[in-house]
Amino acid sequence: MVIDEILAYNEQFVQENRLPIIGHTPRKRMAVVTCMDCRLVQMFELALGLERGDVIELRTAGATISESEREGGLNDLIRSLAGGIFLLGVREVAVIGHTQCGLARTDPTVLIASMQALGVDPQPLIEKAGPKSWIGAFDDVHVNVKEVVNVIRNSPYLPKIPVHGLVIDIETGKLEMVERG
Ligand SMILES: [Zn+2]
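Residues numbered from 1 in each chain as written. Predicted model: local features only at pLDDT ≥ 70, side-chain atom pairs only at ≥ 80, totals over all residues. Heavy atoms only, no water.

**Details of the coordination of the zinc ion**
For step 1, the next point in the chain: Summarising the metal site, the zinc ion is bound by the protein donors Cys35 (SG), His98 (NE2) and Cys101 (SG), whose distances to it range over 2.0 to 2.3 Å.
For step 2, the next point in the chain: Of note, the zinc ion draws all its donor residues from one chain, in the sequence arrangement C-x62-H-x2-C. Here Cys35, found in strand 1 (residues 30-35), pairs with His98, found in strand 3 (residues 92-98); they are 63 residues apart in sequence, far enough to count as distant. Comparing Cys35 with His98 shows no difference in burial state: the two are buried. (Donors = N, O, S within 2.8 Å, 3.2 Å for Na, K, Ca; no water. Helix = DSSP H or I, 4+ residues; strand = E, 2+ residues; numbered from the N terminus. Buried < 20%, exposed > 50% of the residue type's maximum accessible area, 1.4 Å probe, protein only.)

Structure (structure tokens):
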């Protein structure tokens, strides 16, 4: 399994490296919300000029909050942002979606078939929100970024601080400002 590969690498890593001890409050006092896409691994920090200890990074599928969790302004993303803001000094938030996002092209038929193939009954989801809404699929990354920015801005559990919305090009790393907070 891949985990064995990781464990072997890690053993070597800790033998060869001594990491500097740094605090857990983000130096730039910023939280960034982005997608879980594997193409963002390392590239994201490089393209934004972010170093270890600079910001809090939150990743969700699609850099989104699924529709069913938006109401009331309390969900896991808000909870994490609250931790960053109230406990770690975060004073600025950037929601960064990306081009070619898997959730912008989610085919509910494929999702349902995949669930069934892996022994998960999709019926309860079909009856409730519908699998597309549950997984957080959207049609337009720019619209999604704006919506997530609004959910964060309007959450009664968070203070009024700047919340920006951006889209990063997954091929070039170029950032586009969609909405400045
Ligand atoms: Zn994505």
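Don't stop here, the text continues.
**Some thoughts on the pattern of salt bridges**
For step 1, the next point in the chain: Evaluation of the coordinates by the stated rule reveals eight salt bridges.
For step 2, the next point in the chain: Put simply, Arg59 and Glu45 hold a salt bridge, and the shortest N to O gap is 3.2 Å. Of this pair, Arg59 sits in strand 2 (residues 55-60) while Glu45 sits in helix 2 (residues 43-48), placing them 14 residues apart in sequence.
For step 3, the next point in the chain: You can call Glu45 buried: its relative accessible area is 19%.
For step 4, the next point in the chain: Within this structure, Glu45, Glu57 and Arg59 form a network of salt bridges that share partners. (Salt bridge = Lys/Arg side-chain N within 4 Å of Asp/Glu carboxyl O.)

**Some remarks on empty space enclosed by the protein**
For step 1, the next point in the chain: Within this structure, the stated rule accounts for one cavity of 30 Å³ or more.
For step 2, the next point in the chain: A volume near 30 Å³ is recorded for the largest cavity.
For step 3, the next point in the chain: Lining the largest cavity are Ile85, Val93, Ile152, Arg153, Leu158, Pro159, Ile161 and Val163.
For step 4, the next point in the chain: A class-by-class count of the residues in the lining of the largest cavity yields seven nonpolar, no polar and one charged. (1 Å grid on protein atoms, 1.4 Å probe; cavity = no way out; pocket = protein on both sides within 12 Å on 5 of 7 lines; lining within 4 Å. Points joined across faces, edges and corners; volume = space filled by probe spheres on them. Nonpolar A, V, L, I, M, F, W, Y, C, P; charged D, E, K, R; others polar.)

**Thoughts on the packing of aromatic side chains**
For step 1, the next point in the chain: Under the criterion given, the structure shown has one aromatic pair.
For step 2, the next point in the chain: Plain terms: the ring middles of Tyr9 and Phe13 are 6.4 Å apart, the flat faces sit at 25 degrees to each other, and that makes the pair stacked. Of this pair, Tyr9 and Phe13 both sit in helix 1 (residues 2-16), four residues apart, which is roughly one turn of that helix.
For step 3, the next point in the chain: Just above the ring of Phe44 sits the side chain of Arg59; from NZ or CZ to the centre is 5.4 Å. (Phe/Tyr/Trp six-rings, centres within 6.5 Å; stacked < 30°, edge-to-face > 60°. Lys NZ or Arg CZ within 6 Å of the ring centre and 35° of its normal.)

**Side note on the environment of Phe138**
For step 1, the next point in the chain: Tracing the chain through its elements places Phe138 in the loop between helix 7 (131-135) and helix 8 (141-154).
For step 2, the next point in the chain: Looking at Phe138, the relative accessible area reads 8%, which means it is buried.
For step 3, the next point in the chain: Residues Phe138 and Leu166, spaced 28 residues apart in sequence, show a C-alpha to C-alpha distance of 16 Å.
For step 4, the next point in the chain: Once residues within four sequence positions are removed from consideration, Phe138 is found in contact with Gly62, Thr64, Cys101, Leu103, Ala104 and Asn144. (Contact = heavy atoms within 4.5 Å.)

**Some remarks on the sheet that holds strand 5 (residues 175-179)**
For step 1, the next point in the chain: With respect to topology, five strands assemble into an open sheet ordered 2-1-3-4-5, the strand pairing being mixed. Of all strands in the sheet, those bounded by a partner on one side alone are strand 2 and strand 5. Adjacent strand axes in the sheet meet at a mean angle of 25 degrees when their direction is disregarded.
For step 2, the next point in the chain: Of the strand pairs in this sheet, strand 3 and strand 4 (residues 163-168) are connected by six bridges, and their pairing is parallel. If you follow Ala94 over to strand 4, its bridge partner there is His164.
For step 3, the next point in the chain: Across the sheet, helix 4 (residues 76-88) is in contact with strand 1, strand 2 and strand 3; its angle to strand 2 comes to roughly 175 degrees. (Pairing = 2+ DSSP bridges. Axes fitted to C-alpha atoms, helices over the stretch in contact; angles between N-to-C directions.)

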